[in-house]
Amino acid sequence: MGGVSRRAFAVAALSAFTMAPRASAAPVPSAAPVPSAAPAPPAAPGPAAGARAGGAVTAGMRGMWLATVAGRDWPTRAGLRAAEQRAELVEHLDAAVRHGLNTVIFQVRPTADALWPSAHEPWSEYLSGSQGRDPGWDPLGTAVTEAHARGLELHAWFNPYRVATHDDPSRLVPSHPAREHPEWVVPYGGKLYYNPGLPEVRAFVQDAMMDAVEKYAVDGVHFDDYFYPYPVAGRSFDDGGTFGTHGSGFTTKAAWRRNNIDLLVRETAARVKKIRPSARFGVSPFGVWRNAATDAEGSDTKAGVQTYDDLHADTRKWVREGWIDYIVPQLYWNIGLQAADYAKLLPWWAEVARGSRTELYVGEALYKAGDPAQGAAWQDPAELSRHLTLAQRYPEVRGHVFFSAKDVAEDRIGAMARVGADHYARPARTSRR
């Protein structure tokens, strides 16, 4: 959830939506869809309409993602002095408070690296400009302390399998686990990934993430939408040998891959609860599980990417089985968009969450508001506020998370201010308030 951030699909793959339903698992990229003539959206509510509960405080998630890969949100450039980096980080936390938010989801393992002194992986190059170089301070430790001082929850956001946004292992520090275990790594689409089909990889990435959970009083552990990588036309992810070794009992490679991700999710959930019982475990997947043309239980969409088929992530199952504490589907489309209508996806996800133990929050595309490359709907400061108004019809929706911190701070056309005025007039309750 920038082009090389966890939202690579949001900037690139989202514009690769295809308008025609597909029969196979491989998406066919095409031009971005053009919004259809949408029905008139509901009018924006009054200032306190977002408050579901009486009194001075309301419940629910009001979050923002703080992305660090390639400095998407922070730091503004690699190599800043520790005091400068810290000041920028604290300013993002202050911006969250100013906009009435209660949670920051902080990306601390963007590419098999660390934004804390890790026992398993090198310091991130996005801090110093050089992978493995100590930046002279502890960003995750600081973020936890400073967030809690402001009444904010701090969720640690990890990318499990991405190793690098390039495909040259020699550019990794010599002590990097991917260089010490080259058999763990699969190059694909110009990037490097750990192979999710290897049990030793699954154990290692969990160990690397749990190092942070053990050391810091994080309020949550968060995965984004990257499991198996997004499809690249004309390329195949080279795990045939791994399937031959570890895929017995599965009739298809796709089913085996989904089981690999199921195991990652279930095992991570168990380890989080054992190490830090108060922390919640959540996932923010791409917003389309499957199209209805592929599966009758899918959504009324025409997406060129389906998480079940392409990322081998059965996100619907995780909710129905109660494996995760919360889910934040990235519904990064406007009301009335023909290929992926927010007003159709929202009730679909509400139905998925209904009766489960998994709380549903909605990922919102603040980054599109005021972007001249986007359609007319995103030039209207009220579009996002309408999303929250619509969500009030569905009691399963327990909050919203905005992508991302830089856009919260900048608020180009006042869309975030409009959300605040219409929905966040009262402070939101968290475990810190």
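This text goes with the structure placed above it.
Before going into details, it helps to say that this report is about the structure given with it. The structure displayed is predicted, hence computed values, not measured ones. (Residues numbered from 1 in each chain as written. Predicted model: local features only at pLDDT ≥ 70, side-chain atom pairs only at ≥ 80, totals over all residues. Heavy atoms only, no water.)

Let us look at the sheet that holds strand β5 (residues 185–188). Pairing within the open sheet is antiparallel, and its three strands lie in the order β4-β6-β5. Here the strands that pair on one side only, and so sit at the sheet edges, are β4 (162–164) and β5. This sheet shows a mean twist of 35° between the axes of neighbouring strands, independent of strand direction. Of the strand pairs in this sheet, β4 and strand β6 (residues 191–194) are connected by two bridges, and their pairing is antiparallel. Bridge pairing links Arg162 to Tyr193 in β6. (Pairing = 2+ DSSP bridges. Helix = DSSP H or I, 4+ residues; strand = E, 2+ residues; numbered from the N terminus. Axes fitted to C-alpha atoms, helices over the stretch in contact; angles between N-to-C directions.)

Right, let's get into the packing of helix α6 (residues 199–215) against helix α8 (residues 253–275). The geometry of α6 relative to α8 is characterised by a closest axis approach of 10 Å and an angle of 30° between their N-to-C directions. Considering the angle they form, α6 stands roughly parallel to α8. The handedness of the crossing between α6 and α8 comes out as right-handed. Contact residues: Arg202, Ala203, Val205, Gln206, Asp207, Met209, Met210, Val213 and Glu214 in α6; Asn260, Leu263, Leu264, Glu267, Thr268, Arg271, Val272 and Ile275 in α8. Within the contact of α6 with α8, the residues separate by chemical class into nine nonpolar, three polar and five charged. (Parallel < 35°, antiparallel > 145°, perpendicular 65-115°, else oblique. Left-handed = near helix turned anticlockwise from the far one by under 90°. Contact = heavy atoms within 4.5 Å. Nonpolar A, V, L, I, M, F, W, Y, C, P; charged D, E, K, R; others polar.)

By size, the foremost hydrophobic cluster in this structure holds 121 residues, and its most contacted members are Phe106, Leu140, Phe158, Tyr194, Trp318, Leu346 and Phe402. Once residues lying within four places of it in the same chain are set aside, the contact partners of Phe158 are Val108, Arg109, Trp116, Met209, Ala212, Val221, His222, Phe223 and Asp224. (Core = buried A, V, L, I, M, F, W, Y, C linked by side-chain atoms within 4.5 Å. Buried < 20%, exposed > 50% of the residue type's maximum accessible area, 1.4 Å probe, protein only.)

Here the focus is the packing of aromatic side chains. In this structure the tally under the stated criterion is 24 aromatic pairs. Seen in terms of ring centroids, Trp184 and Phe204 are 5.3 Å apart; in terms of plane orientation they differ by 45°. Their pairing is tilted. Of this pair, Trp184 sits in the loop between α5 (177–180) and β5 while Phe204 sits in helix α6, and the two are 20 residues apart along the sequence. Here Trp184 and Phe204 have matching classes, each one buried. A network of ring pairs unites the aromatic residues Trp65, Tyr332, Tyr367 and Phe403 as a single cluster. Cation over ring: Arg162 sits above Tyr226, and NZ or CZ is 5.2 Å from the ring centre. The ring centre of Trp289 lies 5.0 Å from the NZ or CZ of Arg316, which sits over that ring. (Phe/Tyr/Trp six-rings, centres within 6.5 Å; stacked < 30°, edge-to-face > 60°. Lys NZ or Arg CZ within 6 Å of the ring centre and 35° of its normal.)

In the segment running from Trp74 into Pro75, the intervening peptide bond is cis, with an omega of -15°. Relative to the helices and strands, Pro75 resides in the loop between β1 (61–66) and α2 (82–98). Between Phe403 and the following residue, Ser404, the backbone shows a cis peptide bond with an omega angle of -5°. Of note, the phi angle at Ala70 is positive, near 60°, even though the residue is not glycine. Following the sequence through the fold, Ala70 ends up in the loop between β1 and α2. Although it is not a glycine, Ala112 adopts a positive phi angle of roughly 50°. Within the secondary structure layout, Ala112 lies in the loop between β2 (103–109) and α3 (125–128).

Attention shifts here to the sheet that holds β2. Read once around its circumference, the closed barrel built from eight strands follows the order β1-β2-β3-β7-β8-β9-β10-β11, with strand pairing classed as parallel. With four bridges connecting them, strand β10 (residues 359–364) and strand β11 (residues 397–403) associate as parallel partners. Its bridge partner lying in β11, Glu364 is registered against Phe402.

This paragraph deals with the side chain of Asn291. Looking at the secondary structure, you find Asn291 in the loop between β8 (280–283) and α9 (307–311). If near-sequence neighbours (up to four positions away) are discounted, Asn291 is found in contact with Gly298, Ser299, Thr301, Lys302, Ala303 and Gln306.

A word on the packing of helix α11 (residues 342–353) against helix α12 (residues 383–391). Contact geometry of α11 with α12 gives a least axis separation of 11 Å together with a crossing angle of 35°. The element α11 and its partner α12 pack so that their crossing is right-handed. Listed contacts from α12 to Tyr342, Ala343 and Leu346 of α11 are His387, Leu390 and Ala391.

The two faces of strand β7 (residues 220–223) match: Gly220 and His222 on one face and Val221 and Phe223 on the other face are all buried. As defined by bridge partners, strand β3 (residues 153–158) adjoins β7 across four bridges and the pair is classed as parallel. Opposite His155, over in β7, you have Gly220 as the bridge partner. Pairing analysis gives four bridges linking β7 to β8, with the strands arranged parallel. Looking at the pairing, Val221 lines up with Phe281 of β8.

Turning our attention to α8. With 23 residues, α8 extends 33 Å from end C-alpha to end C-alpha; this agrees with the ideal 33 Å at 1.5 Å per step. Taken residue by residue, α8 has Trp256, Arg257, Arg258, Asn260, Ile261, Asp262, Leu264, Val265, Thr268, Ala269 and Val272 as its buried positions. (Expected span 1.5 Å × (residues − 1).)

Looking now at empty space enclosed by the protein. Computed from the structure, the largest cavity encloses a volume of approximately 50 Å³. Contributing to the lining of the largest cavity are Leu366, Ala369, Asp407, Glu410, Asp411, Arg412, Ile413 and Ala415. Broken down by class, the residue content of the lining of the largest cavity amounts to four nonpolar, no polar and four charged. (1 Å grid on protein atoms, 1.4 Å probe; cavity = no way out; pocket = protein on both sides within 12 Å on 5 of 7 lines; lining within 4 Å. Points joined across faces, edges and corners; volume = space filled by probe spheres on them.)

Within the secondary structure, Arg276 is located in the loop between α8 and β8. An unpaired buried charge is present at Arg276: no salt bridge exists, and Asp219, the closest side chain of opposite charge, is 8.3 Å distant. A polar contact is formed between the side chain of Arg276 and the backbone oxygen of Tyr216, at a distance of 2.9 Å. (Lys, Arg positive; Asp, Glu negative; His and termini not counted. Salt bridge = Lys/Arg side-chain N within 4 Å of Asp/Glu carboxyl O. Polar contact = N/O pair within 3.5 Å; in protein donor to acceptor, adjacent residues only side chain to side chain.)

Spanning 17 residues, α6 covers 25 Å between terminal C-alpha atoms, matching the ideal 24 Å at 1.5 Å per step. For α6, the principal kink sits at Met209 and spans about 25°. Considered for burial, the residues of α6 that qualify are Val201, Arg202, Phe204, Val205, Gln206, Ala208, Met209, Met210, Asp211, Ala212 and Val213. (Bend = angle between axes of the 7 residues up to and from the residue.)

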